[in-house]
Amino acid sequence: MSASVANDFETPRPSHRGGAEKAAIVAVKLLVTGACFWYVSRQIDWRQVLSAVPLLDFRWAALAAFIAMLQIPLAGLRWYNIVDALGARNQQMTFVAMIAATSVGLFFAQVLPSVAGEGVRAWLLVRLGCDWRNAITSSVIDRGVGAGLLIVLGFVILLLPSGFAALGGYRDVVLIGYGALILAGALGLLLAPKIVPPLARWRYSRWFATLAADLHRVVLGPKGPLILGIGCLIHALTIVIVWSVGRAQGLALPLPDAAVLFAVMVGVILVPISIGGWGLRELAVISLLATHGVAPERALLFSVCYGLALAVGSLPGALAWLFFPFPSARRSAPRGG
């Protein structure tokens, strides 16, 4: 890889303008999240929501949080293999260290905008001896693999015999959109070797060319089936989390219905206009369940319990942040990609 391409992925220089832009983005996301909850609050009776909390079966809720914790080592294993496929792994990047960094990133993604969690992950990988280019690229590819598999699974899930799959009459539109994204993604991966050279000639598209080449090497390389398999398993466990949260509320959701709810709730999180999908997810769940006779109060509690299960499941990341012996920034020498 040429030095000029690598330089495009070096550590960005801090600037007051960049900091102001990031603060403005966070402020807008907070505003969207608050506006969504304000709109939801006009449709529900908070007394009914609070009265339903003691009726929850917390054993099922605890199971959901435990399964969320089990996803952490799987996410770490996926990222570990992505970094290895990029040829960027060194002796400090052990499986345990990658799990610890992943858990910290997931924890920060729960309490801050998700991009902050990705930034923390990349920073910790740099402390383990990786260069910034591969640290950022591996995080972007890891997130892209998860999003891509979600779209593929969402397309398949909406074809299942579930009443929820109708999506209030919008299923065909969503299927067309998902199908177009899948086709575009597949063509992009297959044609990457031909697309990369012309894109690499211009500075402002060079970063995209490099990312496309790395994504092609990771997904279609020897480790591709393992990385994709781990990603599918992570999403399958998320469906079990949704099912467990439903059981905690006494909702006997068939697995196809739980899968549709998974596709809706996780899909909403990918829309980067709120904090961690909060607010938007509640609106989507209330709208979907209302068409099947579920009261808005129960639907809201369902969505909030799901979010809290993920938040509790991310708590090992706080312990890793406090106690895992990551190398200091001064002692971790970046390595070239």
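Here is what the cut-offs are and how they apply
- Residues numbered from 1 in each chain as written.
- Predicted model: local features only at pLDDT ≥ 70, side-chain atom pairs only at ≥ 80, totals over all residues.
- Heavy atoms only, no water.
- Helix = DSSP H or I, 4+ residues; strand = E, 2+ residues; numbered from the N terminus.
- Rg over C-alpha atoms; globule rule 2.2 N^0.38 Å.
- Buried < 20%, exposed > 50% of the residue type's maximum accessible area, 1.4 Å probe, protein only.
- Contact = heavy atoms within 4.5 Å.
- Areas by Shrake-Rupley, 256 points an atom, 1.4 Å probe, with all protein chains shown as cover.
- Lys, Arg positive; Asp, Glu negative; His and termini not counted.
- Charge placed at Lys NZ, Arg CZ, Asp CG, Glu CD.
- Core = buried A, V, L, I, M, F, W, Y, C linked by side-chain atoms within 4.5 Å.
- Axes fitted to C-alpha atoms, helices over the stretch in contact; angles between N-to-C directions.
- Left-handed = near helix turned anticlockwise from the far one by under 90°.
- Nonpolar A, V, L, I, M, F, W, Y, C, P; charged D, E, K, R; others polar.
- pLDDT = per-residue confidence, 0-100.
- Phe/Tyr/Trp six-rings, centres within 6.5 Å; stacked < 30°, edge-to-face > 60°.
- Lys NZ or Arg CZ within 6 Å of the ring centre and 35° of its normal.
- Salt bridge = Lys/Arg side-chain N within 4 Å of Asp/Glu carboxyl O.
- Patch = residues over 30% accessible without salt bridge, like charges linked within 9 Å, V, L, I, M, F, W, Y side chains within 5 Å.
- Expected span 1.5 Å × (residues − 1).

(A) Main features of the overall build of the protein chain. Per the secondary structure count, the protein chain includes 14 helices and zero strands. Along the chain direction, N to C, the helices and strands of the protein chain fall in the order α-α-α-α-α-α-α-α-α-α-α-α-α-α. Here the protein chain has a C-alpha radius of gyration of 21 Å; the compact-globule value for 337 residues is 20 Å, and the two agree. A burial count over the protein chain gives 46% of its 337 residues as buried. Within the protein chain, contacts between residues at least 6 apart in sequence are counted, and of these 75% link residues at least 24 apart. For the protein chain, the exposed surface amounts to about 16,900 Å²; the carbon and sulfur share of it is 70%. The average position of the 26 basic charges and that of the 14 acidic charges among the side chains of the protein chain differ by 7 Å.

(B) Representation of the nonpolar core. One finds Ile241, Val242, Val260, Leu261, Phe262 and Phe302 to be the most contacted residues of the largest nonpolar core, which totals 51 residues. Elements that contribute at least two residues to this core include exactly helix 2 (16–41), helix 4 (58–85), helix 7 (132–157), helix 10 (224–248), helix 11 (255–269), helix 12 (280–290) and helix 13 (296–313). For Val260, the residues in contact, after removing those within four places along its chain, are Ile157, Ser162, Phe164, Ala165, Leu167 and Leu288. Formed by 24 residues, the second largest nonpolar core is a distinct cluster that contains Trp79, Ala101, Val120 and Val126.

(C) Spatial organisation of the side chain of Thr33. By the secondary structure assignment, Thr33 is in helix 2. Looking at Thr33, the relative accessible area reads 11%, which means it is buried. Not counting residues within four places of it along the chain, the set of residues in contact with Thr33 comprises Ser274, Ile275, Trp278 and Gly279.

(D) Expanded view of the packing of helix 4 against helix 5 (residues 95–111). Running from amino to carboxyl end, helix 4 crosses helix 5 at an angle of 115 degrees, the nearest separation of the two axes being 8 Å. Taken as a pair, helix 4 and helix 5 cross one another with a handedness that is right-handed. From helix 4, Ile72, Pro73, Ala75, Gly76, Leu77, Trp79, Tyr80 and Val83 reach across to helix 5, where they touch Phe95, Met98, Ile99, Ala101, Thr102, Ser103 and Leu106. The residue makeup of the contact of helix 4 with helix 5, split by class, is twelve nonpolar, three polar and no charged.

(E) Representation of the confidence of the model for the protein chain in the model. Summary statistics for the protein chain give a mean pLDDT of 85 and a share of 91% for residues scoring 70 or more. Predicted confidence in the protein chain is weakest over helix 1 (residues 3–7), with a mean pLDDT of 37, and strongest over helix 4, with 96. Here residues 1–15 is modelled with pLDDT under 50, and outside its nearest four sequence neighbours on either side it reaches 18 contacts, counting other chains as well. Low pLDDT (under 50) marks residues 332–337, which in the prediction has 18 contacts with non-local residues, meaning those over four places away or in another chain.

(F) Focus on the packing of aromatic side chains. Going through the model one piece at a time under the given rule, you end up with seven aromatic pairs. Each ring, one from Trp60 and one from Trp243, has its centre 5.3 Å from the other, and the planes form 90 degrees; the classification is edge-to-face. One end of the pair, Trp60, is in helix 4; the other, Trp243, is in helix 10, and 183 residues separate them in sequence. Relative to Trp321, the ring of Phe108 has its centre 5.2 Å away and its plane inclined at 80 degrees; by these criteria the two rings are edge-to-face. Here Phe108, found in helix 5, pairs with Trp321, found in helix 14 (residues 315–323); they are 213 residues apart in sequence, far enough to count as distant. Here Phe108 falls in the buried class, since its relative accessible area comes to 15%. Each residue in the set Phe107, Phe108, Trp123 and Trp321 is aromatic and connected to the rest through ring pairs, giving one cluster. Above the face of the Trp79 ring, Arg121 is positioned so that its terminal group lies 4.4 Å from the ring centre. Cation over ring: Arg281 sits above Trp278, and NZ or CZ is 4.3 Å from the ring centre.

(G) Quick peek at the pattern of salt bridges. On inspection of all chains with the given rule, the structure shows eleven salt bridges. The salt bridge partner of Asp57 is Arg59, with a shortest N-O separation of 3.1 Å. Asp57 gets classed as partly exposed once you look at its relative accessible area, which sits at 22%. With a relative accessible area of 66%, Arg59 lands in the exposed category. The partner of Arg78 in a salt bridge is Asp142, and the shortest N-O contact between them spans 2.7 Å. Taken together, the residues span a long stretch of sequence, with Arg78 in helix 4 and Asp142 in helix 7 at a distance of 64 residues. Several salt bridges converge on common partners, so that one network encompasses Arg78, Glu118, Arg121, Asp142 and Arg143.

(H) A look at a nonpolar patch on the surface. A cluster of nonpolar residues, Leu183, Leu187, Leu190, Leu191, Ile195 and Leu220, forms a patch on the protein surface that exposes about 550 Å² of accessible area. Within the fold, Leu187 resides in helix 8 (residues 171–199). For Leu187, a relative accessible area of 44% corresponds to the partly exposed category.

(I) Quick peek at helix 4. The first and last C-alpha atoms of helix 4 sit 41 Å apart over 28 residues, in line with the 40 Å expected at 1.5 Å per residue. One or two steps after helix 4, the chain reaches Gly87, where phi turns positive at roughly 70 degrees.

(J) Summary view of the packing of helix 7 against helix 11. Remark: helix 7 packs on helix 11, axes separated minimally by 9 Å, with the N-to-C direction vectors making an angle of 145 degrees. In terms of crossing hand, the pair formed by helix 7 and helix 11 is left-handed. Here helix 7 contributes Leu150, Gly154 and Ile157 to the contact with helix 11, which in turn contributes Ala259, Val260, Phe262, Ala263, Val266 and Gly267. In the contact of helix 7 with helix 11, the residues fall into seven nonpolar, two polar and no charged.

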